Amino acid sequence: MSEKPPFVFPKWINKATLGLLATLAIAPVYLIILLGYGANARTLNVGFSPKQPVPFSHALHAGKLGINCYYCHTDVMRAAFAALPPTQTCLNCHAEIAPKSKELEPVRDSDGLGPASKAGLPVPWIKVNDEPDYVYFNHAAHINAGVSCLTCHGRVNEMTQVYQAKPLNMAWCLACHRNPGPNLRPRNEVTNLNWNPNNKVQLARDLGLKESQLPKNLGKYLVKKYKIASTKLLTDCQTCHH
Amino acid sequence: MFRIQHYFMIGSSVFLLLLLPLMIIALKRHERSATPRLAIIQDMDKMPYLKPQRKSDLFADTRGMRPHIAGTLAREDFIYINQAETQLHPNNWAATHVVLNSKMQYEKVLYGQVLRDGQGDWVKAIPIHVTPEFVNRGQQKFDVYCGPCHGDNGRGNGLVNQYVAQLRTEGSPDAGTWVQPTDLTSPAVKYMPDGQIYGVITNGIAAMAAYKDQIPVVDRWAIVAYVRALELAAAPVPASKLPAQDRPPEPTGKVAKVATDGMQVAAATSQEQKQ
């Protein structure tokens, strides 16, 4: 019965240990970077752009033709929800313009110009900018406070097919709720996506002031003028979750 | 030497391999996606309660928001300003303007006409107190609802009309049966009673659709007031007929003198040229 030889690590283990230690040191850092970059709201949320049942182009209607947001989203100053217009609004113009367009068929069907079985049925639009159901977002509150459509929806007047332009996650909302000033503008410029804050003449007209009376810090002035709630209230849980 | 190169090869290939996912993410960040984000943790994102314009399986036609039942009115249809809103809404400006203290006044405001012997009679003047604020409101609403077709100056050549004209010259069938909108400063509109303009906004006329669902009652009257303002602007009044504070300043003595001197010089030079 020969004695069992003692176990000796093979020589390559020396190098492998070095590699293992290096991996253990780099892996957590790498994973944090990967998750932080890959799973943040900017990466996940922005760019959602479903194909809609009717290829409505905001770039043409709101951009080239200069139709104001309020023309279709009429109740947004009064209601929490920025309602999509009834198909009747489309037919204000499209009864005459492109009356036989195939792309507009769902609109005409809904309005009762197509087969009777489809009359009155809604066009199944897909909601793009959607908050989770436990978030209470009120459009009227924001618009009357002078927050532009642009702030949350991006340059819709340049979008052929609407996409989500902002992350709309909680950290993003709170960034503005902590310091609303920079995102405010005069109320009647809310739907003007090409608003230029440096146009003093227009600004004076919007605020009903003389050019010499214009406030140095417009954000601060508007926070006071539109009676924006304090940061403490704006960042309270129940302001958005109730 | 060979060993160091060996390690370098392994190290750099591992580095590139680790970089690959980050590059894929960077590319994806700038792409549009037709599917919504992947939510591993659902967190009650979607609850079964109804939100506006959501689908509901309770009804055969899948509409969560129910249409009006025939023969009924929503409370807001009665008149678009309800009392609670008047007091609570920070942006409600109508409360100080509209007084509905009689049935006749109510008819005037809501229908733009008064019934006389069973016949509708258009209201001659806006039955609401008109202030500069009211006309400004009218301008805002005019630019939103009327401007696209009638043009912001009311001359009937808005951007939509220009676009259709362009389509027509290109021979596109999309131009359809479009007719140029009415010039709101023309005599046809100028001599219309205010109530009738209100009626046209409310119920539409010829190719123009009814706007009663898009524009609240008081805003329609504000638009009528602004259309009148546009008509005034289209037919300028001589300065001498303006109230004193609105008149442009008279040219001062010095400027006038320079001007006459200039004319004399010009006259002199022309005489010299003749000679």
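Calculation criteria
Residues numbered from 1 in each chain as written. Chains lettered and ligands numbered in written order. Predicted model: local features only at pLDDT ≥ 70, side-chain atom pairs only at ≥ 80, totals over all residues. Heavy atoms only, no water. Contact = heavy atoms within 4.5 Å. Buried area = accessible area lost by both parts, 1.4 Å probe. Salt bridge = Lys/Arg side-chain N within 4 Å of Asp/Glu carboxyl O. Polar contact = N/O pair within 3.5 Å; in protein donor to acceptor, adjacent residues only side chain to side chain. Helix = DSSP H or I, 4+ residues; strand = E, 2+ residues; numbered from the N terminus. Nonpolar A, V, L, I, M, F, W, Y, C, P; charged D, E, K, R; others polar. pLDDT = per-residue confidence, 0-100. Phe/Tyr/Trp six-rings, centres within 6.5 Å; stacked < 30°, edge-to-face > 60°. Buried < 20%, exposed > 50% of the residue type's maximum accessible area, 1.4 Å probe, protein only. Lys NZ or Arg CZ within 6 Å of the ring centre and 35° of its normal. Core = buried A, V, L, I, M, F, W, Y, C linked by side-chain atoms within 4.5 Å.

(A) Local environment of the interface of chain A and chain B. Contacts between the two partners involve 51 residues from chain A and, on the opposite side, 56 residues from chain B. Counting each side, the surface lost to burial between chain A and chain B is near 4,800 Å², with a carbon and sulfur contribution of 54%. Area buried by chain A at its contact with chain B is led by Arg 78, Glu 96 and Asp 133 of chain A, which between them contribute 15% of it. Counting across the interface, chain A meets chain B through four salt bridges. Across the pair Asp 133 of chain A and Arg 54 of chain B runs a salt bridge, and its minimum N-O distance is 3.1 Å. For the interface between chain A and chain B, the tally reads 20 residue pairs in polar contact (both at pLDDT 80 or more). Looking at the side of chain A that touches chain B, the elements that each hand over two or more residues are α1 (13-38), α2 (41-45), α3 (58-64), α4 (69-72) and α5 (87-94) of chain A. With six residues, the single largest contributor to the side of chain A that touches chain B is α1 of chain A. Looking at side-chain class alone, the side of chain A that touches chain B contains 26 nonpolar, 15 polar and ten charged residues.

(B) Spotlight on the confidence of the model for chain B. Residues and elements named next belong to chain B. The predicted model of chain B averages 79 in pLDDT, with 79% of residues at 70 or higher. Segment residues 79-91 is flagged for pLDDT under 50; beyond a separation of four residues in sequence, or across chains, it makes 24 contacts in the model. Low pLDDT, under 50, characterises residues 255-275; the predicted model gives this stretch zero contacts beyond four residues in sequence or across chains.

(C) Geometry of the packing of aromatic side chains. Summed over the entire model, instances satisfying the criterion amount to five aromatic pairs over all chains. Residues Phe 7 of chain A and Phe 9 of chain A carry aromatic rings whose centres are separated by 5.3 Å and whose planes lie at 75 degrees to one another, so their mutual orientation is edge-to-face. Like Phe 7 of chain A, the residue Phe 9 of chain A is exposed in the burial classification. An aromatic cluster is built from Tyr 71 of chain A together with Tyr 145 and Tyr 211 of chain B, whose rings are joined through pairwise contacts. Cation over ring: Arg 187 of chain A sits above Tyr 226 of chain A, and NZ or CZ is 4.2 Å from the ring centre.

(D) Structural view of the pattern of salt bridges. Residue and element names in this part refer to chain B. In the structure shown here, the tally under the stated rule is twelve salt bridges over all chains. The residue Glu 31 makes a salt bridge to Lys 28 at a minimum N-O spacing of 3.4 Å. For Glu 31, a relative accessible area of 43% gives the class partly exposed. Two residues, Asp 61 and Arg 63, come together in a salt bridge whose shortest N-O distance is 3.0 Å. Its relative accessible area of 19% is what places Asp 61 among the buried residues.

(E) Layout of the environment of Ala 80 of chain A. All names here are of chain A. Mapping Ala 80 onto the fold places it in the loop between α4 and α5. Considered as a pair, Ala 80 and His 139 are 59 residues apart in the sequence and their alpha carbons are 4.8 Å apart. Other than its neighbours up to four places away in sequence, Ala 80 contacts Tyr 136, Phe 137, Asn 138 and His 139.

(F) Structural context of the nonpolar core. If you look at the biggest cluster of nonpolar residues, it comprises 59 residues, and the most contacted ones within it are Tyr 70 of chain A together with Phe 134, Phe 142, Val 160 and Trp 221 of chain B. Of all the secondary-structure elements, those providing two or more residues to this core are α4, α5 and α8 (149-153) of chain A together with α4 (103-111), α5 (132-150), α6 (159-169), α8 (194-203) and α9 (217-234) of chain B. For this core, the element with the most residues is α9 of chain B, which contributes ten residues. Setting aside its immediate chain neighbours within four residues, Phe 142 of chain B contacts Gly 147, Gly 151, Asp 152, Gly 154, Leu 184, Ile 223, Tyr 226, Val 227 and Leu 230 of chain B. Ranked by size, the runner-up nonpolar core spans 13 residues in total, among them Ala 145, Leu 184, Leu 214 and Ile 228 of chain A.

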